[in-house]
Amino acid sequence: MTEKVNVQMNRAGRFEPRGGADTASMNPKELLLYAAAQCAGQTAAAIMQRKRMKPCNFEISVSGDLSTETLRTESTFTCFHVVYNVACASEEDCAKASHALELTHDKYCGLVQMLSRIAPVSREIAVVNTAPVKA
């Protein structure tokens, strides 16, 4: 079984659960994934801010495969996968965002580092440029 949590950055720069979910309705395993998404998002946003860039859109999805076919209290995570989706206004911002996400995932996000001590953590980074193409 796979548990998954999606968060998206709002206009105020905070990360909120997508799809109408709220933390009160999450089970403990989802809360762990949510905490990792929050940590990664806040870490990446801080790095991007230091690089003087702000993404147009920023979403993070954290999923984890469980050791059982159904959710049980004794279920443990066997692996994790983090997907970073960022939209930027320029090619320069895309490069900055990509670097910020690599630093976040590989070095600075404490919860992603903690998850890697539980089970393998893979990542997927997608950074797109929303600027119109010049002809």
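What comes next concerns the included structure. Please read these numbers as outputs of a predicted model, since none were measured by experiment. Positions within a chain are numbered from 1, following the residues in the order the chain's sequence is written. Residues qualify for local features only when their pLDDT is at least 70, as the model is predicted, and side-chain atom pairs are given and counted only at 80 or more; totals for whole chains, interfaces and linings, by contrast, use all residues. The side-chain quantities take in all heavy atoms of the structure and omit both hydrogens and water.

This part is about the overall build of the chain. Secondary structure summary: the chain contains three helices and five strands in total. Starting at the N terminus and ending at the C terminus, the chain contains elements arranged as β-β-α-β-β-α-α-β. Here the globule rule reads 2.2 Å times residues to the power 0.38, and the radius of gyration is calculated from C-alpha atoms. For 135 residues, the compact-globule estimate of 2.2 N^0.38 gives 14 Å, and the chain sits close to it at 15 Å. Seen through its C-alpha atoms, the chain measures out along the principal axes to roughly 55 × 30 × 25 Å. Note on classification: 1.4 Å probe, protein chains only; a residue is buried when its accessible area is under 20% of the maximum for its type, exposed when over 50%, partly exposed between these limits. With 135 residues in all, the chain has 39% of them scored as buried. Two residues qualify as a contact provided that any one of their heavy atoms is within 4.5 Å of a heavy atom in the partner residue. Considering only residue pairs separated by 6 or more positions, the chain has 68% of its internal contacts joining residues 24 or more positions apart. Here the open area of atoms and residues is found with the Shrake-Rupley method and a 1.4 Å probe, where only the protein chains shown may cover a residue. A total accessible area of about 7,700 Å² is found for the chain, and carbon and sulfur atoms account for 50% of it. Comment: elements are numbered from the N terminus, with helices defined as DSSP H or I runs of at least four residues and strands as E runs of at least two.

So, about the pattern of salt bridges. Salt bridge, as applied in this entry: a Lys or Arg side-chain nitrogen positioned within 4 Å of an Asp or Glu carboxyl oxygen. Applying the stated criterion across every chain, the model contains four salt bridges. When the shortest N-O distance is used, the salt bridge between R72 and E74 registers 3.8 Å. D106 is paired through a salt bridge with R123; the nearest N and O atoms lie 2.8 Å apart. One end of the pair, D106, is in helix α2 (residues 91-108); the other, R123, is in strand β5 (residues 121-129), with 17 residues separating them in the sequence. What makes R123 partly exposed here is its relative accessible area of 34%.

Don't take any of this as a statement about function, it's just geometry.
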